[in-house]
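Breakdown of the fold
Listed here are the chains, written in short residue letters.
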Amino acid sequence: MNPKYSSILENVPLPNGVSLKNRIVMAPMTHFSSNGDGTVSDAELAYYARRSGGAGMVLTAVTYVTPNGKGFSGQFSAMDDSFIPGLTRLAHTIKEQGAKAVLQIFHGGRLCPPQEVGGDVVAPSAVASERPGSPLPRELTEAEIEGIIDDFAEAARRAIVAGFDGVEIHGANGYLIQQFVSPHSNRREDRFGGDAHKRLTFPLEIIDRVKNTVSKYAKSPFIVGYRFSPEEPETPGLTMEETFILVDALKEKGLDYLHVSLNEFWSKPRRGADDSKSRMEWILERVGGQVPVIGVGSIHTPDEALAAISIGLPLLALGRELIIEPDWVEKLESGNEEHIAVNLTKQDQERLVIPDPLWGAIVNTPGWFPVVESLSAGE
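Residues numbered from 1 in each chain as written. Predicted model: local features only at pLDDT ≥ 70, side-chain atom pairs only at ≥ 80, totals over all residues. Heavy atoms only, no water.

This part takes up the overall build of the chain. Tallying secondary structure elements over the chain gives twelve helices and 15 strands in all. Relative to the compact-globule value of 21 Å for 379 residues, the chain shows a C-alpha radius of gyration of 20 Å, a close match. The C-alpha extent of the chain, read off along each of the three principal axes, is 60 × 45 × 45 Å. Counting the 379 residues in the chain, one finds 58% classified as buried. Partitioning the contacts of the chain with sequence separation of at least 6, the portion at a separation of at least 24 is 70%. In the structure as shown, the chain presents an accessible area of about 14,500 Å², 49% of it carried by carbon and sulfur atoms. (Helix = DSSP H or I, 4+ residues; strand = E, 2+ residues; numbered from the N terminus. Rg over C-alpha atoms; globule rule 2.2 N^0.38 Å. Buried < 20%, exposed > 50% of the residue type's maximum accessible area, 1.4 Å probe, protein only. Contact = heavy atoms within 4.5 Å. Areas by Shrake-Rupley, 256 points an atom, 1.4 Å probe, with all protein chains shown as cover.)

Laid out in structure tokens, this is it:
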């Protein structure tokens with residue numbers, strides 16, 4: 001190993017006592033490849049087996065916790081105990097390769113396609129997303145909200161039974177939990193709505209209920225993390241100022257990490273903080289070392305990773321890069337970092353064990369992945 005990169009491969013202790021073998025996390029990435037009934041497919045197992053040997057922790061693709069929370073087709077479910085056998089296979093597959101296995105759990109809210117949820121698209125308030133073609137959702141009742149909180153806790157219990165090392169509560173990317181935090185999508189006047197502090201009631205109660213479930217059922221330290229997006233483009237919408245309020249609340253909850261969802265690691269704030277620092281730097285400053293933070297966002301090379309952790313970042317998630325280069329960590333460990341791939345060719349699907357639905361999305365979505373016709377000699 002090149003000593004220059006030794007800090008990337010350092011062990012990272014989490015607050016609950018679990019130790020990660022290095023700073024690299026496999027980001028949770030949609031792959032559209034579950035069976036039609038929401039169970040884990042063989043293609044998914046092969047995909048995860050190929051990518052779980054190097055990273056210290058693997059975060060699965062998002063898993064819906066209730067029938068009206070399914071965000072897209074080809075997604076796996078944790079909404080009842082019948083899904084535990086498939087989830088058990090998934091946890092075992094990841095852990096067998098040497099990584100900690102963390103199940104990401106969510107509800108899609110107003111971003112759920114009507115055809116996936118039987119037409120029952122729900123949200124904190126009857127406000128449609130500004131994404132093209134988004135339907136007008138139905139406003140959830142207080143009783144339904146309480147039920148969804150229970151559903152998150154039950155999904156965490158199933159993750160424990162299935163043998164996962166933890167769960168990540170998905171409060172990012174415009175899904176239901178973020179919809180409650182956002183002034184754009186939450187116009188409620190009951191206890192789940194109001195100012196920036198009151199809009200945190202839903203996510204904080206989910207965290208409490210999940211942590212209570214872990215205390216009751218887990219026989220060994222179990223990771224609980226939380227993912228959030230720092231800003232929204234809408235007006236009104238989340239700003240960095242409101243995200244600081246969220247971070248202040250989260251860092252008091254005894255979580256094992258906070259995961260910042262960004263497309264570009266070094267992106268600057270839009271509103272609520274000046275652009276003298278990146279969003280990641282502002283958030284790290286606000287967290288103040290109280291909770292480990294995972295950063296992410298278009299990091300590909302070891303030098304880019306080194307620059308990211310140099311600002312005091314404990315953990316770094318690689319997403320698309322681990323699809324392109326499943327052996328990223330192993331090549332770094334063996335001193336072969338110059339052979340780390342940063343592009344895909346159209347002939348790479350089988351070699352990289354990429355399921356058909358994900359491959360179709362990669363090659364048919366311009367700009368999503370660096371796909372080239374062929375690589376030159378030596379690449």
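Attention now moves to the nonpolar core. Of all hydrophobic cores here, the largest spans 99 residues; its most connected members are Phe-202, Leu-316 and Trp-328. In terms of residue count, helix α3 (residues 142-162) provides more of this core than any other element does, nine residues in total. (Core = buried A, V, L, I, M, F, W, Y, C linked by side-chain atoms within 4.5 Å.)

Attention now moves to helix α12 (residues 356-364). Listed in full, the buried residues belonging to α12 are Leu-358, Trp-359, Ala-361 and Ile-362. Considered in projection along α12, the buried side chains sweep an arc of 160° and stay on one side of the axis. Residues Asp-356 and Asn-364 are exposed on α12 and point more than 90 degrees away from its buried face. (Arc of directions from axis to C-beta.)

Where α3 contacts helix α5 (residues 201-217), the two axes come as close as 9 Å, and the packing angle between them is 35°. As α3 runs across α5, the sense of the crossing is right-handed. Contacts from Ile-145, Glu-146, Ile-148, Ile-149, Asp-150, Phe-152, Ala-153, Ala-156, Arg-157 and Ile-160 of α3 reach α5 at Phe-202, Glu-205, Ile-206, Arg-209, Val-210, Thr-213, Val-214 and Tyr-217. (Axes fitted to C-alpha atoms, helices over the stretch in contact; angles between N-to-C directions. Left-handed = near helix turned anticlockwise from the far one by under 90°.)

So, on to the pattern of salt bridges. Within the structure shown, the criterion is met by 26 salt bridges. Asp-165 serves as the salt-bridge partner of Lys-95, at 3.8 Å between the closest nitrogen and oxygen. You can see Lys-95 sitting in helix α2 (residues 84-96) and its partner Asp-165 sitting in the loop between α3 and β9 (166-171), a full 70 residues away along the chain. Residue Asp-165 is classed as buried on the basis of its relative accessible area, which comes to 15%. Residue Lys-277 pairs with Glu-285 through a salt bridge whose shortest N-O separation is 3.1 Å. Residue classification places Glu-285 among the partly exposed residues on the basis of a relative accessible area of 48%. One network of salt bridges, with partners in common, ties together Glu-146, Asp-150, Arg-191, Glu-205 and Arg-209. (Salt bridge = Lys/Arg side-chain N within 4 Å of Asp/Glu carboxyl O.)

Locating Gly-147 in the fold gives a position in helix α3. Accessibility expressed as a relative area gives 27% for Gly-147, which makes it partly exposed. Counting along the chain gives 47 residues from Gly-147 to Gly-194, while the straight-line C-alpha distance between them is 21 Å.

It is worth spelling out the packing of α2 against α3 at this point. The N-to-C vectors of α2 and α3 enclose an angle of 55°; their axes lie 8 Å apart at closest approach. The angle between α2 and α3 places the two elements in the oblique class. The handedness of the crossing between α2 and α3 is right-handed. Taken together, the residues of α3 that come into contact with α2 (itself represented by Ile-84, Leu-87, Thr-88 and Ala-91) are Arg-158, Val-161 and Ala-162. (Parallel < 35°, antiparallel > 145°, perpendicular 65-115°, else oblique.)

This next bit is on the confidence of the model for the chain. Taken as a whole, the chain shows an average pLDDT of 96; of its residues, 98% reach a score of 70 or greater. For the stretch residues 374-379, pLDDT sits under 50, and the model shows three contacts to residues farther than four places along the chain or on other chains. (pLDDT = per-residue confidence, 0-100.)

In the case of a regular strand, side chains alternate between the two sheet surfaces. Burial runs high along strand β10 (residues 223-228): six of the six residues are buried. Pairing analysis gives six bridges linking β9 to β10, with the strands arranged parallel. From the neighbouring strand, Gly-171 faces β10, where its bridge partner is Phe-228. In this structure, β10 lies alongside strand β11 (residues 257-260), joined through four bridges in parallel fashion. In the sheet register, Gly-225 faces β11, and the bridge partner there is Tyr-257. You can see the chain leave β10, run along helix α6 (residues 240-250) and come back into β11, and the turn it takes is right-handed. (Pairing = 2+ DSSP bridges. Right-handed = clockwise from strand over helix to strand, strands pointing away.)

The end-to-end C-alpha distance of α2, which contains 13 residues, comes to 18 Å, matching closely the 18 Å that a straight helix rising 1.5 Å per residue would cover. Inspection of α2 places Ile-84, Gly-86, Leu-87, Leu-90, Ala-91, Thr-93 and Ile-94 among the buried residues, and these make up the whole buried set. At the C-terminal side of α2, Gly-98 shows a positive phi close to 115°. (Expected span 1.5 Å × (residues − 1).)

For the structure shown, the criterion picks out seven aromatic pairs. With a centroid separation of 5.7 Å and 70° between ring planes, the pair formed by Phe-32 and Phe-72 is classed as edge-to-face. Placement of the pair is Phe-32 in the loop between β3 (24-26) and α1 (42-51) and Phe-72 in the loop between β5 (63-64) and α2, with a sequence separation of 40 residues. For Phe-32, a relative accessible area of 29% corresponds to the partly exposed category. Residue Phe-72 is classed as buried on the basis of its relative accessible area of 12%. Geometrically, the ring pair formed by Phe-106 and Tyr-175 is edge-to-face, given 4.7 Å between the ring centres and 85° between the ring planes. You can see Phe-106 sitting in strand β6 (residues 100-106) and its partner Tyr-175 sitting in the loop between β9 and α4 (176-181), a full 69 residues away along the chain. Overall, the relative accessible area of 0% leaves Phe-106 in the buried class. (Phe/Tyr/Trp six-rings, centres within 6.5 Å; stacked < 30°, edge-to-face > 60°.)

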